[in-house]
Amino acid sequence: MPNKACVRAHTNIALIKYWGKRDETNFLPMNSSLSLTLDKLYTDTMVVFDEALPQDFFYLNGEQQGEKETQKISKFLDLFRAEKKTALRARVESINHVPTAAGLASSASAFAALAGAANLALGLDLDPQRLSTFARRGSGSATRSIYGGFVEWDMGTCSDDSFAVPVDDAGWDIGMVIVAVNQKAKEVSSRIGMKRTVETSPFYPAWVESAKKDILDIKAAIAAKDFIRLGEITEANGMKMHGTMLGAEPPFSYWEPDSIVAIKTAQALRKQGIPCYVTMDAGPNVKVLCRLSQAETIKAAFLEHFTEDKLIITKPGKGIRELTE
Ligand code: 2P0
């Protein structure tokens, strides 16, 4: 058994969003989602299983993490230990590669990298599809970070068949400009936010119905390499998700004034004949889906409102892979 492995996983941005669970224990979503894996933002994680360790240890960016964070990692590693029928404890060392000041640390890349490294270190030999079901139980969005390009997370019928499927490598002039908007205080966490929305928002059933159609439509747009349609569906789906939160009790929103500035900037670019479309997640950052060949032009327009360090251009990223020394 190798007992040690290091894996890189990239984060992903959902174009058709995951927002709500039908089973909170197993992280089963209310609807299928579809994302784009990003090249620029990723996590490298090394896992060493060692019989000399009395407990699990977790280091993030070189700093040992406290009990709460370590427990989360232990609980996740328990899934792999159960599969291997071992009680071995592990040392986990993660480095988040996120451009400074962006505030874009992601549980998607974190749990996908940890899943990949645990799988290799224990010699489990899980195939990527099965591995994505493990990643899912760390964080829903991590399901999709196993693969590169456009990825669908099929909602499935149970824990075994709710997994990610690669859809397309996104190698047809697809890019993203991330607008890192300043965040004042930590908002409602996505886990709490989606739960509140599912339980209280009268708009929620309509969201689920509409997301089912959106996923079919976006896959047709990807198959046809129709960028405009891809963007239109992406932007509309994200807006609908944020709409469900306004209907929750109590209502909440992740938007900041600068989020609106970014949305308006994208709209103005479209009027000038440069197609680009926005999507937002559980935070104020705005992600602009664009043609990679036009990303610099789009960034220049955003520079009128945002400083250079807040604007990140990225191309599509790859799936998880082992890093060898
Ligand atoms: C997504 N988000 O599809 C959606 C869109 C945020 C908005 O997945 O509870 O950290 O760990 O499964 O994956 C963020 O939620 O939530 C997320 P858990 P996760 O990317």
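Residues numbered from 1 in each chain as written. Predicted model: local features only at pLDDT ≥ 70, side-chain atom pairs only at ≥ 80, totals over all residues. Heavy atoms only, no water.

### Regarding the overall build of the protein chain
The number of helices and strands found in the protein chain is eight helices and 14 strands. Radius of gyration (C-alpha) of the protein chain: 19 Å, near the 20 Å computed for a compact globule of 325 residues. Projected onto its principal axes, the C-alpha coordinates of the protein chain cover approximately 60 × 40 × 40 Å. In the protein chain, which comprises 325 residues, the share counted as buried stands at 53%. Contacts in the protein chain between residues at least 24 apart in sequence constitute 75% of all its contacts with a sequence separation of at least 6. Within the structure as shown, the protein chain displays about 14100 Å² of accessible surface, and the carbon and sulfur contribution to it stands at 52%. Charge centroids of the protein chain, computed over 39 positive and 40 negative side chains, lie 2 Å from each other. (Helix = DSSP H or I, 4+ residues; strand = E, 2+ residues; numbered from the N terminus. Rg over C-alpha atoms; globule rule 2.2 N^0.38 Å. Buried < 20%, exposed > 50% of the residue type's maximum accessible area, 1.4 Å probe, protein only. Contact = heavy atoms within 4.5 Å. Areas by Shrake-Rupley, 256 points an atom, 1.4 Å probe, with all protein chains shown as cover. Lys, Arg positive; Asp, Glu negative; His and termini not counted. Charge placed at Lys NZ, Arg CZ, Asp CG, Glu CD.)

### Things to note about the domain arrangement of the protein chain
Segmenting the protein chain into domains produces domain 1 (4-171) and domain 2 (174-314). Between the C-alpha centres of domain 1 and domain 2 there is a distance of 23 Å. Residue-level contacts link 34 residues of domain 1 with 43 residues of domain 2. For the pairing of domain 1 and domain 2, the buried interface totals around 3100 Å² over both sides, and the portion due to carbon and sulfur atoms is 69%. Inspection of the domain 1/domain 2 interface yields four salt bridges. The salt bridge partner of Lys195 is Glu24, with a shortest N-O separation of 3.4 Å. (Domains from an automatic or database assignment. Buried area = accessible area lost by both parts, 1.4 Å probe. Salt bridge = Lys/Arg side-chain N within 4 Å of Asp/Glu carboxyl O.)

### Quick word on helix 7 (residues 257-271)
An ideal rise of 1.5 Å per residue puts 21 Å on 15 residues; helix 7 measures up with 22 Å between its terminal C-alpha atoms. Regarding helix 7, the residues found buried are Ser259, Ala262, Ile263, Thr265, Ala266 and Leu269. For helix 7, the angular spread of the buried residues around the axis is 155°, confining them to a single face. Opposite its buried face, helix 7 presents the exposed residues Pro257, Lys264 and Lys271, each directed more than 90 degrees away. Contact partners of the buried residues in helix 7: strand 10 (174-179), helix 6 (227-246), strand 11 (276-280), strand 12 (286-291) and helix 8 (295-302). A positive phi of about 90° marks Gly273, the residue just after helix 7. (Expected span 1.5 Å × (residues − 1). Arc of directions from axis to C-beta.)

### Quick word on the packing of helix 1 (residues 67-84) against helix 3 (residues 128-136)
Their axes nearest at 9 Å, the elements helix 1 and helix 3 cross at an angle of 140°. Our classification of the angle between helix 1 and helix 3 gives oblique. Between helix 1 and helix 3, the contacting residues are Phe76, Leu79, Phe80 and Glu83 on the first element and Arg130, Leu131, Phe134 and Ala135 on the second. For the contact of helix 1 with helix 3, the residue count by class is six nonpolar, no polar and two charged. (Axes fitted to C-alpha atoms, helices over the stretch in contact; angles between N-to-C directions. Parallel < 35°, antiparallel > 145°, perpendicular 65-115°, else oblique. Nonpolar A, V, L, I, M, F, W, Y, C, P; charged D, E, K, R; others polar.)

### Details of the packing of aromatic side chains
By the definition in use, this model includes nine aromatic pairs. Ring centres of Phe76 and Phe80 lie 5.3 Å apart, and the angle between their planes is 65°; this geometry places the pair in the edge-to-face category. Residue Phe76 and its partner Phe80 are both found in helix 1; the two are separated by four residues, about one turn of the helix. Counting every residue linked through ring pairs, the aromatic cluster contains Phe76, Phe80, Phe111 and Phe134. (Phe/Tyr/Trp six-rings, centres within 6.5 Å; stacked < 30°, edge-to-face > 60°.)

### Notes on the environment of Leu79
Within the secondary structure layout, Leu79 lies in helix 1. Placed 76 residues apart in sequence, Leu79 and Asn3 show a C-alpha to C-alpha distance of 16 Å. Discounting chain neighbours no more than four positions away, the residues touching Leu79 are Phe134 and Arg137.

### Remarks on the sheet that holds strand 10
With respect to topology, four strands assemble into an open sheet ordered 11-12-10-13, the strand pairing being antiparallel. Edge strands, defined here as strands with exactly one partner in the open sheet, are strand 11 and strand 13 (311-314). Strand after strand, the sheet turns through a mean of 25° between neighbouring axes, direction not considered. Pairing geometry for strand 11 and strand 12, over five bridges, is antiparallel. Looking across to strand 12, one finds that Val278 is bridged to Val288. Where helix 7 meets the sheet, it contacts strand 10, strand 11 and strand 12, and its direction lies at approximately 160° from that of strand 11. (Pairing = 2+ DSSP bridges.)

### A look at the side chain of Thr143
Here Thr143 is to be found in the loop between helix 3 and strand 8 (150-153). Taking relative accessible area as the criterion, Thr143 reaches 0% and is therefore assigned buried. Reaching out from Thr143, the side chain makes a polar contact with the backbone oxygen of Gly140 at a distance of 2.5 Å. If we ignore the near neighbours within four places in the chain, the residues touching Thr143 are Ser132, Ala135, Arg136, Trp153, Ser162, Phe163 and Ala164. (Polar contact = N/O pair within 3.5 Å; in protein donor to acceptor, adjacent residues only side chain to side chain.)

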